[in-house]
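The lines below spell out each chain.
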Amino acid sequence: MKYDFIIIGAGIVGLSTAWQLQSRMKQTRILLLEKEAAPARHQTGHNSGVIHAGVYYEPGSLKAKFCKEGAHATYDFCREHGVPCEQTGKLLVATDEAEMQRMHLLFDRCRDNGLNPRMLVPGELQDLEPNIIGSGAFLVEESGIVDFPGICRIMLEQFRRDGGSALLDTEVTGITERPDEMLVHAGRDRFRADQLIVCGGLMADRLADMQGLQAGFRIIPYRGEYYRLRPQLNDLISHLIYPIPDPALPFLGVHLTRMIDGSITIGPNAVQGWKREGYGRVNFSLRDTAGMLSYPGFWRVSARHLAHGIRQTRNSLWKRSYLWEVKKYCPQIEIADLEPYPAGIRAMAVQRDGSMIHDFLIEETPRSLHVCNAPSPAATSAIPIGRHICDMLMKRTGS
Ligand SMILES: Cc1cc2nc3c(=O)[nH]c(=O)nc-3n(C[C@H](O)[C@H](O)[C@H](O)COP(=O)(O)OP(=O)(O)OC[C@H]3O[C@@H](n4cnc5c(N)ncnc54)[C@H](O)[C@@H]3O)c2cc1C
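First things first, this report covers the structure right here in the doc. As the structure is a prediction and not an experimental result, all values here were calculated from the model. (Residues numbered from 1 in each chain as written. Predicted model: local features only at pLDDT ≥ 70, side-chain atom pairs only at ≥ 80, totals over all residues. Heavy atoms only, no water.)

### Topic: the site of the ligand
Basically, it comes down to this: One heavy atom suffices: a residue is near a molecule or strand as soon as one of its heavy atoms comes within 4 Å of it. Counted as a polar contact is a pair of N or O atoms within 3.5 Å, where, for protein atoms, one must be capable of donating a hydrogen and the other of accepting one, and residues adjacent in sequence contribute only when both atoms are in side chains. Charged means Asp, Glu, Lys or Arg here, nonpolar means Ala, Val, Leu, Ile, Met, Phe, Trp, Tyr, Cys or Pro, and polar covers whatever is left, Gly included.
Taken together, 37 residues lie near the ligand, and Glu 34, Thr 44, Val 50, Ala 374 and Thr 380 sit nearest. Between a nitrogen atom of the ligand and a main-chain N or O atom of Ser 48, the distance comes to 3.3 Å. Between Pro 377 and the ligand, the recorded distance is 3.4 Å, taken from a backbone N or O atom to an oxygen atom. Considered class by class, the residues forming the shell around the ligand number 17 nonpolar, 15 polar and five charged.

Rendered as structure tokens:
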């Protein structure tokens, strides 16, 4: 049988696309292929669980646009389908003079992005969050928390209910584009479709390579390590507490996050990963490491951010140093309060010259569409990203 569309990847981007495409075009035959036994096993299931409001992103970028739309769409989706979520609000806290200056710039950026941030007056931080200290802070009420894997389960259910087919435990091993169809190989199985959509997250570059695309980037994995606070401290904060990030880096800094299960996590940091899908403390893949070391972009990006990399590695190896990142704004947390929590791995798309690709990146061929880069906050933005991909597909198929 020939499908109209095959979608690779049951992370939140692939699922959002599959669900929306099938619900828009009920008669269409769509096949979703995922190598794991369940959806959301990689980035989507190993993140902070935050619905971002769109604070940080370059005004006018796809990231800024999709994030703002995505936050609204995510709250609506959760309300409609009974997925746990909560609009907690987020406090961005500056702890010294340099951060105060950056905080004001970030505040302006929030406004440029159409949000309604509120600068706290002296003493207000203490009233809102008695356990947090800072030289200044502002509040973004639109931010919240959610169960992203829960959203994925519902999207998969809806996709199947509308007639879509999904094969889990099915790893795509080859892709061939022909003038009249796409051929997708999964071991000895072969699937045919008119159009292919690839949402492979950490494997985006390998899936592009399989098809022979000159994608011009490599995925470099960065580990985001977390701790969980011991349960007795679950009432420590009532908002999400974020530091003021370094604008030169795509990481938001170690934050205190209330999770949807009631616990509080600290993190993530951003250290070099040596295995794309390795979540344990010690993880190494010869293939992933060799691929990275032989790529000039890896050396260039590492050299560019050497000081940051050294600091992050020190924090990773030395718990007390990690703790210091959070003690700046929450002094009462002690080493004994930190319990282990699984890490996440970010897919960072890096070009040959060492520059990181910060915005969403979609590459097209006549019969395929590859989501090459879907960085944070792509979990928040997944509904508008999926909608955008559906629009592109409908335009090209004339539907
Ligand atoms: C530490 C961390 C914290 C983050 N925090 C947040 C946050 O709080 N809020 C937010 O909005 N975003 C956050 N993000 C970003 C967000 O999680 C990702 O941008 C988003 O989940 C990307 O979704 P995806 O579907 O593109 O990728 P993934 O979730 O990685 O899914 C890709 C899927 O493709 C499958 N796949 C790959 N290769 C193959 C193959 N050959 N055959 C079949 N299947 C294949 C994989 O198994 C996987 O299921 C965070 C990310 C990290 C790592």
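There is more to say after this.
### Structural notes on the packing of helix 2 (residues 62–81) against helix 11 (residues 378–397)
For any two helices packed against each other, one specifies the crossing angle of their axes together with the interaxial distance. Our working definition: What counts as an axis is a line fitted to C-alpha atoms, over the stretch in contact for a helix, and the angles between N-to-C directions run from 0 to 180 degrees. Working definition: helices are DSSP H or I runs of at least four residues, strands are E runs of at least two. Numbering for both runs from the N terminus. Between 65 and 115 degrees an angle is taken as roughly perpendicular, under 35 as roughly parallel, over 145 as roughly antiparallel, and anywhere else as oblique. Throughout, a contact is declared for two residues whenever any of their heavy atoms are within 4.5 Å.
Between helix 2 and helix 11, the shortest axis-to-axis distance is 6 Å and the interhelical angle comes to 105°. Classified by the angle between their axes, helix 2 and helix 11 sit roughly perpendicular to one another. Mapping the contact onto sequence places Phe 66, Cys 67, Glu 69, Gly 70, Ala 71, Ala 73, Thr 74 and Phe 77 in helix 2 and Thr 380, Ser 381, Ile 383, Pro 384, Ile 385, Arg 387 and His 388 in helix 11. Per-class residue counts for the contact of helix 2 with helix 11 are eight nonpolar, five polar and two charged.

### Regarding the pairing of strand 2 (residues 30–33)
Regular strands have side chains that alternate between both faces of the sheet. Operational definition: Accessible area is worked out with a 1.4 Å probe on protein chains only. A residue is then buried under 20% of its type maximum, exposed over 50%, and partly exposed in between. When DSSP finds two or more bridges between a pair of strands, those strands are recorded as paired. Orient the strands so they point away from the viewer; a crossover is then right-handed if the path from the first strand over the helix to the second runs clockwise.
The two faces of strand 2 match: Ile 30 and Leu 32 on one face and Leu 31 and Leu 33 on the other face are all buried. Note: strand 1 (residues 2–8) against strand 2, four bridges, orientation parallel. Bridging from a neighbouring strand, Ile 7 pairs with Leu 32 of strand 2. Of the crossover connections in this fold, the one passing from strand 1 over helix 1 (residues 12–24) to the parallel strand 2 is right-handed.

### Thoughts on a nonpolar patch on the surface
To keep things clear, this is the line we draw: Patch criteria: residues need more than 30% relative accessible area and no salt bridge. Like-charged residues are merged within 9 Å; nonpolar side chains of Val, Leu, Ile, Met, Phe, Trp and Tyr are merged within 5 Å. Residue-level accessible areas treat just the shown protein chains as cover; the underlying method is Shrake-Rupley with a 1.4 Å probe. Here, a salt bridge means any Lys or Arg side-chain nitrogen found within 4 Å of an Asp or Glu carboxyl oxygen.
Residues Trp 274, Phe 284, Leu 286, Leu 293 and Trp 299 make up a contiguous nonpolar surface patch of about 560 Å² in total accessible area. Relative to the elements of secondary structure, Trp 274 occurs in the loop between strand 17 (271–272) and helix 7 (286–293). Here Trp 274 falls in the partly exposed class, since its relative accessible area comes to 34%.

### Here we look at the side chain of Asp 288
The residue Asp 288 is located in helix 7 in this model. Within the local environment of Asp 288, its side chain forms a polar contact with the side chain of Arg 206, the two groups lying 2.7 Å apart. Once residues within four sequence positions are removed from consideration, Asp 288 is found in contact with Arg 206, Trp 274, Lys 275 and Arg 276.

### Regarding the pairing of strand 20 (residues 368–373)
Within strand 20, six of the six residues are buried, leaving the element largely enclosed by the surrounding structure. Where strand 19 (residues 361–365) meets strand 20, five bridges bridge the pair, whose relative direction is antiparallel. Among the inter-strand pairings, Leu 361 is bridged to a residue of strand 20, identified as Asn 373. Where strand 19 folds back on strand 20, the antiparallel hairpin that results is connected by two residues.

### Considering the layout of surface pockets
What counts here: Using only the protein atoms, space was sampled on a 1 Å grid; points where a 1.4 Å probe fits but cannot get out form cavities, open sets with protein on both sides within 12 Å along at least five of seven lines form pockets, and lining residues are those with an atom within 4 Å of a point. Grid points are joined across faces, edges and corners, and a volume is the space filled by probe spheres set on the points.
Space inside the second largest pocket adds up to approximately 420 Å³. Lining of the second largest pocket is provided by 23 residues; of these, Ile 244, Asp 246, Gly 253, Arg 311 and Glu 325 occupy positions nearest its centre. If you list the elements that add at least two residues to the lining of the second largest pocket, you get helix 3 (97–112), helix 9 (306–317) and helix 10 (319–327). For the lining of the second largest pocket, the per-class residue count stands at twelve nonpolar, four polar and seven charged.

### Examining the pattern of salt bridges
A complete count under the given rule lists 26 salt bridges for this structure. Of the charged contacts in the structure, one is a salt bridge between Arg 387 and Glu 69, with a shortest N-O distance of 3.8 Å. A residue pair is termed long-range when its members are at least 10 positions apart, and Arg 387 in helix 11 and Glu 69 in helix 2 qualify at 318 residues. Judged by relative accessible area, which is 30%, Glu 69 ranks as partly exposed. Glu 86 serves as the salt-bridge partner of Arg 258, at 3.0 Å between the closest nitrogen and oxygen. Linking Arg 258 in strand 15 (residues 255–258) with Glu 86 in strand 4 (residues 85–86), this pair joins segments that are 172 residues apart in sequence. Its relative accessible area of 18% is what places Arg 258 among the buried residues. A residue is classified by how much of its surface remains accessible, and Glu 86, at 33% relative accessible area, is partly exposed. Residues joined in a network through salt bridges with shared partners are Asp 205, Asp 209, Arg 218 and Arg 276.

### Digging into helix 11
Applied cut-off: Values of bend correspond, residue by residue, to the angle between axes fitted over the seven residues ending at that residue and the seven starting there.
Within helix 11, the axis deviates most sharply at Pro 384, by approximately 40°. Note on helix 11: the residue one or two positions beyond its end, Gly 398, has a positive phi of about 70°.

### Remarks on the nonpolar core
Rules: Grouping buried Ala, Val, Leu, Ile, Met, Phe, Trp, Tyr and Cys residues that are joined through side-chain atoms within 4.5 Å yields what is termed a nonpolar core.
One finds Ile 12, Leu 32, Ile 151 and Ile 197 to be the most contacted residues of the largest nonpolar core, which totals 45 residues. Mapped onto this core, the elements with two or more residues apiece are strand 1, helix 1, strand 2, helix 2, helix 5 (148–161), strand 20 and helix 11. Top element by residues in this core is helix 11. It accounts for ten residues. The next biggest cluster of nonpolar side chains, apart from the first, holds 24 residues, and it includes Val 93, Leu 125, Ala 137 and Tyr 329.

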